[in-house]
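Each chain is listed here by its residues.
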Amino acid sequence: MTPIYQTSTYVQSAPGLNKGYEYARSQNPTRKVLETALAHIENGKHGLCFSSGVAATDAVLRLLVPGDEVIAANDMYGGTYRLFTKLFEKMGIKFHFINMQNAENIKPYINANTKLIWAETPTNPLMNIIDIAALAAIGKPKGVLLCVDNTFASPYLQNPLDLGADIVLHSATKYLGGHSDVIHGCLVLNDTVLRDQLYFIQKSVGAVPGPQDCFLVLRGLKTLHVRMDRHCSNGAVIARMLRDLPAIGQVYWCGFEDHPGYATAKNQMRGFGGMMSFTLKDDSPEAALKVLSSTKVFALAESLGGVESLINHPATMTHASIPREERIRNGLSDSLIRLSVGIEDVEDLVDDLRQAIG
Ligand SMILES: Cc1ncc(COP(=O)(O)O)c(C=O)c1O
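The paragraphs below set out a description of the structure included in this document.

About the cut-offs
Residues numbered from 1 in each chain as written. Predicted model: local features only at pLDDT ≥ 70, side-chain atom pairs only at ≥ 80, totals over all residues. Heavy atoms only, no water. Phe/Tyr/Trp six-rings, centres within 6.5 Å; stacked < 30°, edge-to-face > 60°. Helix = DSSP H or I, 4+ residues; strand = E, 2+ residues; numbered from the N terminus. Buried < 20%, exposed > 50% of the residue type's maximum accessible area, 1.4 Å probe, protein only. Lys NZ or Arg CZ within 6 Å of the ring centre and 35° of its normal. Axes fitted to C-alpha atoms, helices over the stretch in contact; angles between N-to-C directions. Parallel < 35°, antiparallel > 145°, perpendicular 65-115°, else oblique. Left-handed = near helix turned anticlockwise from the far one by under 90°. Contact = heavy atoms within 4.5 Å. Nonpolar A, V, L, I, M, F, W, Y, C, P; charged D, E, K, R; others polar.

1. Considering the packing of aromatic side chains
1) Next: By the definition in use, this model includes 8 aromatic pairs.
2) Next: Centroid distance Tyr 81 to Phe 97: 5.0 Å. Interplanar angle 50°. Geometry classified as tilted. Linking Tyr 81 in helix 3 (residues 78–88) with Phe 97 in strand 3 (residues 94–98), this pair joins segments that are 16 residues apart in sequence.
3) Next: Residue classification places Tyr 81 among the buried residues on the basis of a relative accessible area of 12%.
4) Next: Judged by relative accessible area, Phe 97 falls into the partly exposed class, the value being 22%.
5) Next: An aromatic cluster is defined as three or more aromatic residues linked by ring pairs; in this entry it consists of Tyr 81, Phe 84, Phe 95, Phe 97 and Trp 118.
6) Next: Seen from the ring of Tyr 199, Arg 195 lies directly overhead, with NZ or CZ sitting 4.7 Å from the centre.
7) Next: The cationic tip of Arg 243 hangs over the ring face of Phe 256; the distance from NZ or CZ to the ring centre is 3.8 Å.

Right under this line is the structure:
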C-alpha cells in the first residue's frame, strides 16, 4: 500500500540538493501518488490536490486579475456561489450567472475581459445538464478557459477533459472519497503551463491536504467503479418510485427520458448517478421539514456521494448562502429536498422514503 508519509520536511543530500522532495507544503509522496491517480482517471496529464473542493475552486479563481470576467452557471453549489460573490467580486472579478442549459446563452456575455467559464453538470441541486462540448466550442476560439466541476458525476460517469474542458474540479469529499470521512479537493488538467501556474498557487497559498487524507481518497478510488454502479442502479429505482408517489410534485433526475437534458446526459455521461431532488405537492416548508425529519435510513446531513444515503434541504442547508429571491428565481423552491442515494439495500431505501413521504 502507498505509505502515509506523515512528514513536514525531507532530509536533503546537500544544501540546495534534495531527493525530489523538500517541504511538504510543496510536495508529499502520498499526495503525489494520489495526484497521478486522479490525473489517470480523468484522462488528464496533471493532478493537483487541495485541502477541500472550495480550496481547489479558490486556486482556479486566483488565476484571474481585477477586471477579468467569469461566466458561471446560475444553478450550482452554494459554497461556490458564496466564494465568487462574497470574496472574488470584491477583488474586482465580475461574474455573470447564466442559465447554461442552452450553451448558446453564454454568447452575449463573452467579451475581451472574459477569462473563465465555470460549469457544474449535473447541477446541484436541480440536476440540470450542461453540454460541456458545446461550451468548449464557444469558449475555446475566444481563448476562454472552461472549468467543469465534475463532483456529481465522478470520473466514472463523465470525463470533461475529453469533451474539451481545460480544467476539471472535484470535491473529493464526495464520490472520490466515498465514505464521508475526509474533506478534500482536486484539479485535473492537460496544459503544462496552466498546471505550473496552479502549482505555484497551490504551494504559495498552502491549502494542501494532509497525507492521511490523501491516503483515504486513494483508498476510495479503488472502489469508485463498484460504488458508482450501485449508486446508479439504486438511484434509478428511487427516482422512478418517487415519481409514482401521490404526494410528490416534481422529481429532478437526469435519467428520465423527458428530462430536458436527457439527450445531452446520455451523450456525455455513462450513467445517471445517485443524485436527485424532488418537491412535494404541498409546497410549504413545513411539509418538507416533516419528510426531512421522518426518514430513518436516509440521514439528514449536508454532503453527498458517500456509501450511506443522505437527505438534505438545500434552502436551509447546502444552498442557504444564496439569497432567497435568487434561489426561487432559479427554481430552487423552499420545499425542495435533495437525496444522495447510497449503496444500501434498495428495498430499505424505498421503504424508508415511502414511510416518510406517505
Ligand atoms: C458540486 C460541489 N462542488 C464543490 C463543493 C465544495 O467541496 P468541499 O466541501 O470539499 O470544499 C461541493 C460541496 O458540497 C459540491 O457539492
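2. Quick look at the packing of helix 2 (residues 53–61) against helix 3
1) Next: Axis separation between helix 2 and helix 3 bottoms out at 10 Å; the angle between their running directions is 45°. Viewed along their axes, helix 2 and helix 3 adopt a mutual orientation that is oblique. Of the two possible hands of crossing, helix 2 and helix 3 adopt the one that is right-handed. Within the contact between the two elements, helix 2 uses Val 54, Thr 57, Asp 58 and Leu 61 and helix 3 uses Thr 80, Leu 83, Phe 84 and Phe 88.
2) Next: Of the residues that constitute the contact of helix 2 with helix 3, the class distribution is 5 nonpolar, 2 polar and 1 charged.

Purely geometric stuff here, so don't read any function into it on its own.
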